[in-house]
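Geometric and topological summary
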Protein chains: 2
Amino acid sequence: MAAAAPPPPPAPAPEPSIAFQESSRRDNPLFSRIRLATPADVPHIHKLIHQMAVFERLTDLCSATESSLSATLFNSAPFTSFTIFLLEVSPKPFPSSERVIYLDHPLIDPQRETFISDNVNDVTVAGFVLFFPNYSTFLAKPGFYIEDLFVRECYRRKGFGRMLLSAVAKQAVKMGYGRVEWVVLDWNVNAIKFYEEMGAKVHDEWRICRLTGPALEKYGDDAI
Amino acid sequence: MAAAAPPPPPAPAPEPSIAFQESSRRDNPLFSRIRLATPADVPHIHKLIHQMAVFERLTDLCSATESSLSATLFNSAPFTSFTIFLLEVSPKPFPSSERVIYLDHPLIDPQRETFISDNVNDVTVAGFVLFFPNYSTFLAKPGFYIEDLFVRECYRRKGFGRMLLSAVAKQAVKMGYGRVEWVVLDWNVNAIKFYEEMGAKVHDEWRICRLTGPALEKYGDDAI
């Protein structure tokens, strides 16, 4: 039975503005970059999705496996269908680091071993965003819809949620797309404030209708 | 400037159950079928979108032209990206009619000439649905998102909205997809009732966030 999937996570916690200030000290640097995920990243993506389900207390609705993710993702060119940006961090600079922050204390990542993506260069996967094209008939233009955005717990409140969302918005502009959309829970006032600060409008009158599970399956019956 | 596009129309009016009953009389038959739209249908699609904007009183937000629709639609195989089903009607049977209803009176379509798609066989375009794949990480499955569903005024309350929505649901089941979603305005209680009768769940807690226009464009600035 297909289960109803939840909305995207209640969003990255709002990032205090101090998180964007580089400290005058240069201790404990944390370099980061965003790159396109590839099929080789599926084990990390699967673990991130599972953590997201735990965070949302919806593990009973999460039936994704490495195998089912591999079968349904990466079947087309990036940005033309389901696309994943991975967030990677390292205490060492990347050849193309997009951002560095300096921390007051060394960051302890209790799951570092689980999420290592490059042992030699000490690179760890810290989050992801999954998005795909949508379409506006009024604009006669595609846009992007963000299905999930997730940052692992020890990397939150450091501007990475904003960094992932900005990367999708930047890609949309680069492609001449008309909009970027996502969903937030109405009681998540911190997330709503954060999104509004990022320039988004929250559409209060719209409600999402979902046909799934047995209610959808019955449309496979030729009699309908 | 990119303008915010509206939600799908307030939905096909709820269809009284009597509309689905075939009359015992066999006068005034109206045959119908749903078929995939092609690039040749763009002039009709453009007119339908314009009518939808008029219906929603949002013509100022509708900047679609035949040229911009042609440039952004039909660039990939059906169902893998933006896809349009057209609803066609005729007083004569189609080779593959999906449905026939019998009307108490001959139907007067004041815009018949404008929407004729096959003059020889007296076929008229009566509506459309535009949809595209979305993705659930929890299900690790695609689904379909319905962006627009529109039936021309003189063909409403005859079960065609249901027919178009069912066609998308049926296609989703056929492809093994996990869900079909769309948006409704919260004050449109008739549409909500209709959708719930079709098996959909309305998710009251979710809000759509949209980044568009100048607020989106600023992410194209490299400084961000």
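Here we summarise the structure given alongside this text. (Residues numbered from 1 in each chain as written. Chains lettered and ligands numbered in written order. Predicted model: local features only at pLDDT ≥ 70, side-chain atom pairs only at ≥ 80, totals over all residues. Heavy atoms only, no water.)

**Brief notes about the interface of chain B and chain A**
How big an interface is tends to be expressed through the accessible area that disappears when the partners come together. Rules: When checking whether two residues touch, look at their non-hydrogen atoms; a contact exists if any pair is within 4.5 Å. In this description, buried area is defined as the sum, over both parts, of the accessible area (probe of 1.4 Å) that is lost when the two are combined. Here, a salt bridge means any Lys or Arg side-chain nitrogen found within 4 Å of an Asp or Glu carboxyl oxygen. Under the rule applied, a polar contact is a pair of N or O atoms within 3.5 Å (in protein, one hydrogen donor and one hydrogen acceptor; residues adjacent in sequence only if both atoms are side-chain atoms). Each residue receives one of three labels: charged for Asp, Glu, Lys and Arg, nonpolar for Ala, Val, Leu, Ile, Met, Phe, Trp, Tyr, Cys and Pro, and polar for the others, Gly being one of them. DSSP calls a pair of strands paired once it identifies at least 2 bridges connecting them. A run of H or I in DSSP becomes a helix once it reaches four residues, and a run of E becomes a strand once it reaches two; helices and strands are each numbered from the N terminus.
At the interface, 76 residues of chain B touch 76 residues of chain A. Summed over both partners, the interface of chain B with chain A comes to about 6900 Å²; 61% of that surface belongs to carbon and sulfur atoms. The interface formed by chain B and chain A includes eight salt bridges. Here Arg210(A) makes a salt bridge to Glu181(B), at a shortest N to O gap of 2.6 Å. Joining chain B to chain A, the criterion identifies 32 residue pairs in polar contact (both at pLDDT 80 or more). Its residues assigned to classes, the side of chain B that touches chain A comprises 46 nonpolar, 13 polar and 17 charged. Bridging between strand 7 (residues 179-185) of chain A and strand 9 (residues 206-212) of chain B involves seven bridges; their strand directions are antiparallel.

**Description of the pattern of salt bridges**
The line we're drawing: When accessible area is computed with a 1.4 Å probe and restricted to protein chains, residues below 20% of their type maximum are described as buried, those above 50% as exposed, and intermediate ones as partly exposed.
Enumeration according to the criterion identifies 24 salt bridges over all chains in this entry. A salt bridge links Asp204(B) to Arg207(A); the shortest N-O distance between them is 3.9 Å. Here Asp204(B), found in the loop between strand 8 (201-203) and strand 9, pairs with Arg207(A), found in strand 9 (residues 206-212), and the two come from separate chains. A salt bridge links Arg112(B) to Glu113(B), with the shortest nitrogen-to-oxygen separation between them at 3.0 Å. Given the relative accessible area of 27%, Arg112(B) is considered partly exposed. One connected set of salt bridges, linked through shared partners, spans Arg33(A), Arg35(A), Asp41(A) and Glu88(A).

**A look at the pairing of strand 2 (residues 83-90) of chain A**
Residues and elements named next belong to chain A. Most of strand 2 sits out of view: eight of its eight residues are buried. Burial along strand 2 is two-sided: Thr83, Phe85, Leu87 and Val89 and Ile84, Leu86, Glu88 and Ser90, pointing in opposite directions, are all buried. The pairing of strand 1 (residues 29-36) with strand 2 spans six bridges and is antiparallel. Bridge assignment links arginine 33 to a residue of strand 2, and that residue is glutamate 88. Across seven bridges, strand 2 lies against strand 5 (residues 123-136) in antiparallel orientation.

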